[in-house]
Amino acid sequence: MKFANIIVDISHEKLDKTFQYMIPEELEDQIEVGNLVTVPFGRGNRELSGYVIEISDEPAWDVSKLKYLIGIKEQEIKVESVLITLAGFIKERYGCTMSKALKTVIPVRESVKDKEKKYLRLAISREEAAKFYEKYSNRKNTVTRAKLIDELMHVEEIEWSAVVSKMAVSQAVIRGLEQAGIIKIVRSTVFRNPVGHYEQDERRLELNEEQRQVVSGIIRDMDEGNLKPKLIFGVTGSGKTEVYMEIIEHVIAQGKEVIVLIPEISLTFQTIKRFYRRFGDIVSIINSKLSKGERYDQFRRAREGDIKIMIGPRSALFTPFKNLGLIIIDEEHEGAYKSDSVPKYHARDVAIKRAQISHAAVVLGSATPAVSSYYHAKKGHYDLYTLTKRANKLSLPKVDIVDMRQELESGNRDIFSRQLKSLINEKLAKKEQVMLFINRRGYSSFISCRKCGTAVKCPHCDVSLTLHKRSNGDKLICHYCGYQIYAPKTCPSCGSKYIGKFGIGTEQVVEKVRQEFTEARVLRMDFDTTRGKGDYEAILSSFEQYEADILVGTQMIVKGHDFSNVTLVGILAADLSMFSSDYMAGERTFELLTQAAGRAGRGEKAGEVVIQTYNPEENCIVCAANQDYEHFYKNEIEYRELMTYPPVYDMMAILVTDKNEEFADFATKDIANRIEKSNLEGLRIIGPSKASISKINDVYRNVIYIKHPDADILIKVKNAILRYLDMVDAYKNLQIQFDFNPMGIY
Ligand code: ADP
Ligand code: ZN
Ligand code: ZN
């Protein structure tokens, strides 16, 4: 008799434990760890599904109390234990239910209809076909039939779509030949390949000396079994992608598989094309625009060994490769690698974990490494490799900071400084292109009163409403709960008429550009203009083909695009991301500015960058202008050390929410007291306090932060809190959320 420990597929805290079932004898040989099975659950024996996470020969309970599981729900896809172990790690560290963690790591198991492909073949022998060919080719109105038969006599089968589109044979002709019994239509299910087909290109760039050293160093480490994570710190354009591809080739040659994480936003046609050219059909990509079915297909192809390289954002990490050799994380500093919904896992940490379990290597790459990654490299937890030169021997752009306070003093109230204006004119005259960048935070424009200073807020949330232009009347919308009203004409608090928009957005910048540079062709790229499938690529390729002179956008335009004709990048308001009072604001601003500056001069012409700011002395701005990461890092890490912030200490945010404000306050205080009483050495507690957005959707939000140099201590505290809440009846419905090393503050 065998027993299966099963995680029942219910996302409820109280049910977040394993249940043991007996395995019916006839299933004993089939069941594996990772199977999705059906079980009778509870008193009513409700049929539920669950994941087998362990199989044992010994019962953990009195056998008379155990039930038999009903059956295997899905035989085909079994989750490797690596992924389940990973789910266990995610549950522990990031504080969520096992069932949520499993849902994160296991490919979507929706039954999806495979796309069918139709092929044409001869239904008769070649000799017979030759006779029909003779007959048809001699008649004027049947030459297309002859043409098709001729083709089919030479190749075994032709895809239906090719026959119709490329050979221009009508469906009627095909049907006619089918009915005459000359050809047949065969159907086969095919895997959906979301990117279509690319010709492989054998040509290789010859690596420069620096690149060669990085490649050989990392390969040597891997071959010697030194699997410490590698960090490649390489300036923009230093040829990191070439380095990745060289290492990937080595790993593939050893018969292993590779996962390449690229932030969704940089997952452009250009990048993907480079990988396809180099590796051909063993490459696949996933992204959030794929349907569930397409995604499922990609994972299935990976499982079945059809593909060896999976490229994608965060979730590509869970590609069910059986023989994983390498995980690459490009732009490893990107905030998008941290999930912003539960479980709030960081792909870098989970990647390192997965690599550990699978004995694979991890290579992180960035021009502006996350402060935490550089810290780990300096501490010797990661091996550091550097690329200091641009691969194509271009110099880094010339960067100028413009103090916008001085502009104002000199009477220029424009959003463009005089310097930026004259440079734009100069570039337009030379037929070169310009990118104008505005921070996303500045995009959400809200309405405030110039007289009493109040901003119009959401009644259900502690946030200002955002203005949305609508043809039937402008609206104010809450981005947190969806509440909306027509924009008021007078101030709701003081009745003043002087109520208006604050903050500039991409739309206004475009308007201003059109006024100022009347001849220029302008493109806009932001969340609103890239909603549809393919919009993003369409704007970029239009700009690349010089169908516009100026591209205005949010951080979307900052990442990883190579436009050889862009010689000027203007950053309109560098400060906006620093206003939020969180410990990572400086890091984010530095990254954004450096990456934005890196967009200028990617071709043969030199690049220039203008950073407009109201805080020209700010460390992160000065260092970004000088492209001086070391200096930035030194300052930043001193501050983190002083404040015992990550990466020096690990930190856990504990978010307590309830509809009843008093109860939320009471519970948060109680939890904080418990933590304090635990008297753990070295543990630091901040709070309890109200979250910076203290109410969302009429739910009150409080927060406690705990910090400790040892992550395990934080996890112990988390588990103790969960146990405590479990014991107290009053807390049965209290919502609590954990965020390990949060990317900002709550
Ligand atoms: P990164 O990923 O570091 O920004 P890329 O790999 O995209 O850099 O390379 C930047 C540019 O330099 C690309 O156009 C690439 O084709 C080119 N490049 C990279 N390595 C070499 C090399 N060894 N010789 C010539 N050009 C190179
Ligand atoms: Zn709201
Ligand atoms: Zn007012």
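Located above this text is the structure these notes cover.
Described below are features of the structure shown in this document.

Definitions and limits used
Residues numbered from 1 in each chain as written. Chains lettered and ligands numbered in written order. Predicted model: local features only at pLDDT ≥ 70, side-chain atom pairs only at ≥ 80, totals over all residues. Heavy atoms only, no water. Pairing = 2+ DSSP bridges. Helix = DSSP H or I, 4+ residues; strand = E, 2+ residues; numbered from the N terminus. Axes fitted to C-alpha atoms, helices over the stretch in contact; angles between N-to-C directions. Contact = heavy atoms within 4.5 Å. Near = heavy atom within 4 Å. Polar contact = N/O pair within 3.5 Å; in protein donor to acceptor, adjacent residues only side chain to side chain. Donors = N, O, S within 2.8 Å, 3.2 Å for Na, K, Ca; no water. Tetrahedral: all angles 85-135°; square planar, octahedral: opposite > 155°, others 65-115°. Buried < 20%, exposed > 50% of the residue type's maximum accessible area, 1.4 Å probe, protein only. Salt bridge = Lys/Arg side-chain N within 4 Å of Asp/Glu carboxyl O. Phe/Tyr/Trp six-rings, centres within 6.5 Å; stacked < 30°, edge-to-face > 60°. Lys, Arg positive; Asp, Glu negative; His and termini not counted. Core = buried A, V, L, I, M, F, W, Y, C linked by side-chain atoms within 4.5 Å. Expected span 1.5 Å × (residues − 1).

## Considerations on the sheet that holds strand E16 (residues 383-387)
A sheet is described by the order of its strands in space; here seven strands give the open sequence E12-E13-E11-E14-E15-E10-E16, paired in parallel fashion. Looking at which strands have only one partner, the edges of the open sheet turn out to be strand E12 (283-285) and E16. Across the sheet, the axes of successive neighbouring strands diverge by a mean angle of 20 degrees, strand direction being ignored. Judged from the three bridges that link them, E12 and strand E13 (residues 309-312) form a sheet pairing that is parallel. Looking at the pairing, Ser284 lines up with Met310 of E13. Along the sheet face, helix H7 (residues 209-223) touches strand E10 (230-234), strand E14 (324-330), strand E15 (361-366) and E16 and points at about 160 degrees away from the line of E16. Packing against the sheet, helix H8 (residues 240-253) makes contact with E10, strand E11 (257-261), E13, E14, E15 and E16, and its axis sits at approximately 170 degrees to E14.

## Focus: the site of ligand 1
Neighbouring residues of ligand 1: 16 residues in total, closest Glu206, Gln211, Lys240, Thr241 and Arg274. With respect to ligand 1, the backbone of Gly239 contributes an N or O atom lying 3.0 Å from an oxygen atom. Arg274 is positioned such that a nitrogen or oxygen atom in its side chain is 2.8 Å from an oxygen atom of ligand 1. The element best represented in the shell around ligand 1 is H8, accounting for three residues.

## Structural notes on the coordination of the zinc ion (ligand 2)
Where a metal carries four tetrahedral donors, each ideal angle is 109.5 degrees; where it carries six octahedral donors, the ideal angles are 90 or 180 degrees. Protein coordination of the zinc ion (ligand 2) is provided by Cys458 (SG), Cys461 (SG), Cys478 (SG) and Cys481 (SG), with donor distances spanning 2.3 to 2.4 Å. Here the zinc ion (ligand 2) is ringed by four donor atoms whose angles at the metal span 106 to 112 degrees, and the overall shape comes out tetrahedral. In terms of primary sequence, the donors binding the zinc ion (ligand 2) are separated according to C-x2-C-x16-C-x2-C. Remark: Cys478 occurs in the loop between strand E21 (475-477) and strand E22 (484-486) and Cys458 occurs in the loop between strand E19 (446-449) and strand E20 (466-468); sequence separation between them is 20 residues. The residues Cys458 and Cys478 share a single accessibility class, namely buried.

## Quick notes on the pattern of salt bridges
One pass over the full model with this rule turns up 29 salt bridges. The salt bridge involving Glu242 is made with Arg274; its shortest N-O contact spans 3.1 Å. You can see Glu242 sitting in helix H8 and its partner Arg274 sitting in helix H9 (residues 269-279), a full 32 residues away along the chain. Its relative accessible area of 10% is what places Glu242 among the buried residues. Overall, the relative accessible area of 34% leaves Arg274 in the partly exposed class. Notably, a salt bridge pairs Glu249 with Arg278, separated by 3.3 Å at the nearest N-O pair. In this pair, Glu249 is assigned in helix H8 and Arg278 in helix H9, connecting sequence segments 29 residues apart. Accessibility expressed as a relative area gives 28% for Glu249, which makes it partly exposed. Several salt bridges share partner residues, and in doing so they unite Arg204, Glu246, Glu249 and Arg278 into one network.

## Quick notes on the packing of aromatic side chains
Scanning the model with the defined rule gives 19 aromatic pairs in all. Summarising the aromatic geometry, the rings of Tyr374 and Tyr629 are spaced 5.0 Å apart at their centres and angled 90 degrees between planes, so their arrangement reads as edge-to-face. Separated by 255 residues along the polypeptide, Tyr374 in helix H12 (residues 371-378) and Tyr629 in helix H19 (residues 629-643) bring together distant segments of the chain. Both residues of the pair, Tyr374 and Tyr629, count as buried.

## Thoughts on the side chain of Glu257
Tracing the backbone through its elements, the reader meets Glu257 in strand E11. Look at Glu257: it is buried, it has no salt bridge, and the nearest opposite charge is Lys308 at 4.4 Å. A polar atom in the side chain of Glu257 sits 2.7 Å from the backbone nitrogen of Asn323.

## Here we look at the nonpolar core
Formed by 108 residues in total, the largest nonpolar core has its most connected members in Ile90 and Ile654. If you look at the next biggest cluster of nonpolar residues, it comprises 32 residues, including Val214, Tyr244, Ala361 and Leu387.

## Description of the sheet that holds strand E28 (residues 650-658)
Strand order in the open sheet formed by four strands is E29-E30-E28-E31, and the pairing between neighbours is antiparallel. With partners counted over all chains shown, the strands left at the sheet margins are strand E29 (684-696) and strand E31 (735-740), one partner each. Ignoring which end each strand starts from, the neighbouring axes of this sheet average 20 degrees apart. Where E28 lies against E31, six bridges are found, and the strand directions are antiparallel. Looking at E31, one finds that Val656 is bridged to Ile736.

## Observations regarding helix H20 (residues 661-677)
An ideal rise of 1.5 Å per residue puts 24 Å on 17 residues; H20 measures up with 24 Å between its terminal C-alpha atoms. All of the buried residues in H20 are Ala664, Ala667, Thr668, Asp670, Ile671, Ala672 and Ile675. Packed against the buried residues of H20 are E28, E29, strand E30 (699-708), helix H21 (711-727) and E31. Its side-chain oxygen placed 2.9 Å from the backbone nitrogen of Glu662, Asn660 serves as the N-cap of H20. Once H20 finishes, Asn679 follows within two positions and takes phi at roughly 55 degrees, a positive value.

## Thoughts on the environment of Leu66
Tracing the chain through its elements places Leu66 in the loop between strand E4 (46-56) and strand E5 (67-68). On the accessibility criterion, Leu66 (12% relative accessible area) is buried. Ignoring sequence-local partners within four residues, the contact set of Leu66 consists of Phe3, Gln20, Met22, Pro59 and Trp61.

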